[in-house]
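The primary structure of each chain is shown beneath.
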Amino acid sequence: VTQISWWHAMTGANAEVVDKIAKDFNASQKDYELVPVFKGTYPEALNAGIAAFRAKQAPDILQVFDVGTGVMMAAEGAVKPVADVLTESGAQFDKGQYLPGIVAYYSKPDGTMLSFPYNSSSPILYYNKDIFQKAGLDVNTPPKTWNEVWEAAKKIKSSGAAACGYTSTWLTWIHTENFAAWNNVSWATQQNGLGGGDVELKINAPLYVNHFQALADLAKDGTFKYGGRTSEAKQLFLAGECGILTESSGGLGDIVKSGMNYGIGQLPYDSDAPGAPQNTTPGGASLWVFGGKSEEQYKGVAAFFSYLSKTEVQEYLHQKSGYLPVTLAAYEATKKSGFYEKNPGRETPILQMMGKAPTDNSKGVRLPNLPQVRDIQNEEYEKMLAGQQTAQQALDNAVSRGNAAIKEALGN
Ligand SMILES: O=P(O)(O)OC[C@H](O)CO
């Protein structure tokens, strides 16, 4: 039996999905044993994978979050394109079976698929219906615009329905990168970095400044409560501390499991943005395969990816976790089964992403060092939320420090 190692960053209900998929794959055949290993948050798992590669101890498969894509693309020789892994092993591989926006994001400009889109997501709004009821808000009408979120959050706080009105995971991914796409405003030059080259950030434009200043103002009395840089804020919502949460659709697993009385809405948009809502971009993560492994290991990886592409496996992953189905067949099968009628809101992240053809502002973002640029943004946002600077200062600093870091990464 050949062991295939898979380093990942999944916790809670999503870790249960990883373990179940691994167990079922292992039971489905006798030649390979897939061994999932949890390596911390997305940034931690990426760093662990890079360090292991340098020490010549890379796993076979590494789960890398969306914004680590540029880092992996730049690591030539370190990775083996998934398209090659699949075709060389003789596995059936038809790119046309996957959701187009997702495959494009994880492919080279020539169309070669580089990584396997294991868990793609979009950010959505969750609200606690019990808290809405207590606050005198309409339990069937989630806020649609950011101004409506601020108003609902104030009402939740002032009525005493909950200690905090609103919280959010990922201020970078949701309030900056998806804020850009959904409101159809530029995040950076060069099609947000997807066009390559020397990129300049645009995130200190007035729409962003107004948005972040609103967050900073609401943070003063705890109407908005900050949770942390990645998914930490989900716990504030699960604990009933905050009435509204913006978070990945991949947060659904834990929210469903908690048994709370929740509702789902679209990601809010800015009512001052004429093009909003446009489309959201694929988040989540994909699976990268390291180079320098044996033929047998690559065969095992290919067998696993073929297994993952099966309609019933994709249906399970999508319905249990809230991540998007990555194959069109699984999406169709889920529709046909009546799942979306029975589970209102569960199609929302897919419709948001696929509802409109993307513009240059909304195909996603890419930089060779985006995890680092996100860290810079987080530092500035945290200072702002602690009352040490205005949104204008935070975003100006994020742009100038971010631009300098990008130049340095490009060797300029
Ligand atoms: O929580 P996830 O897995 O949907 O990931 C969210 C972001 O895309 C991470 O960069």
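In what follows, the structure referred to is the one given above.
The present account deals with the structure reproduced in this document. None of these values were measured; they are calculated from a predicted model.

### Section: the layout of surface pockets
Right, so step 1: Looking at the largest pocket, its volume works out to about 900 Å³.
Right, so step 2: As for the largest pocket, its lining consists of 37 residues, of which Met73, Ala104, Tyr105, Ser107 and Arg366 are closest to the centre.
Right, so step 3: At four residues, the largest contribution of residues to the lining of the largest pocket is made by helix 3 (residues 69–74).
Right, so step 4: For the lining of the largest pocket, the per-class residue count stands at 19 nonpolar, 13 polar and five charged.
Right, so step 5: As a volume, the second largest pocket reaches approximately 430 Å³.
Right, so step 6: Around the second largest pocket sit 26 residues that line it, and Ala9, Thr11, Tyr42, Trp170 and Ser231 are the ones nearest its centre.
Right, so step 7: Mapped onto the lining of the second largest pocket, the elements with two or more residues apiece are helix 11 (234–238) and strand 9 (242–248).
Right, so step 8: A breakdown of the residues in the lining of the second largest pocket according to their chemical character gives eight nonpolar, twelve polar and six charged.

### Some details on helix 18 (residues 370–385)
Right, so step 1: Counted at 1.5 Å a residue, the expected span for helix 18 with its 16 residues is 22 Å, and the 22 Å between its end C-alpha atoms agrees.
Right, so step 2: Of all the residues in helix 18, the buried ones are Leu370, Pro371, Val373, Arg374, Ile376, Gln377, Asn378, Glu380, Tyr381, Met384 and Leu385.
Right, so step 3: Gly387 sits one or two positions beyond helix 18 and adopts a positive phi of about 80°.

### As for the state of the cysteines
Right, so step 1: Applying the stated criterion across every chain, the model contains one disulfide.
Right, so step 2: Shown here is the disulfide that connects Cys164 with Cys242, its sulfur atoms set 2.0 Å apart. The disulfide joining Cys164 to Cys242 has a torsion of about 115° about its S-S bond and is therefore right-handed. In this pair, Cys164 is assigned in strand 7 (residues 164–168) and Cys242 in strand 9, connecting sequence segments 78 residues apart. Of the two residues examined, Cys164 and Cys242, each falls in the buried class.

### So, the pairing of strand 3 (residues 61–65)
Right, so step 1: With five of its five residues buried, strand 3 lies for the most part within the structure.
Right, so step 2: Residues Ile61, Gln63 and Phe65 point to one face of strand 3 and Leu62 and Val64 to the other, with burial holding for every one of them.
Right, so step 3: With five bridges joining them, strand 3 and strand 11 (residues 283–290) adopt antiparallel strand pairing. Across the sheet, residue Ile61 finds its bridge partner in strand 11, namely Val289.

Reading guide: rules and limits
- Residues numbered from 1 in each chain as written.
- Predicted model: local features only at pLDDT ≥ 70, side-chain atom pairs only at ≥ 80, totals over all residues.
- Heavy atoms only, no water.
- 1 Å grid on protein atoms, 1.4 Å probe; cavity = no way out; pocket = protein on both sides within 12 Å on 5 of 7 lines; lining within 4 Å.
- Points joined across faces, edges and corners; volume = space filled by probe spheres on them.
- Helix = DSSP H or I, 4+ residues; strand = E, 2+ residues; numbered from the N terminus.
- Nonpolar A, V, L, I, M, F, W, Y, C, P; charged D, E, K, R; others polar.
- Expected span 1.5 Å × (residues − 1).
- Buried < 20%, exposed > 50% of the residue type's maximum accessible area, 1.4 Å probe, protein only.
- Disulfide = S-S within 2.5 Å.
- Pairing = 2+ DSSP bridges.

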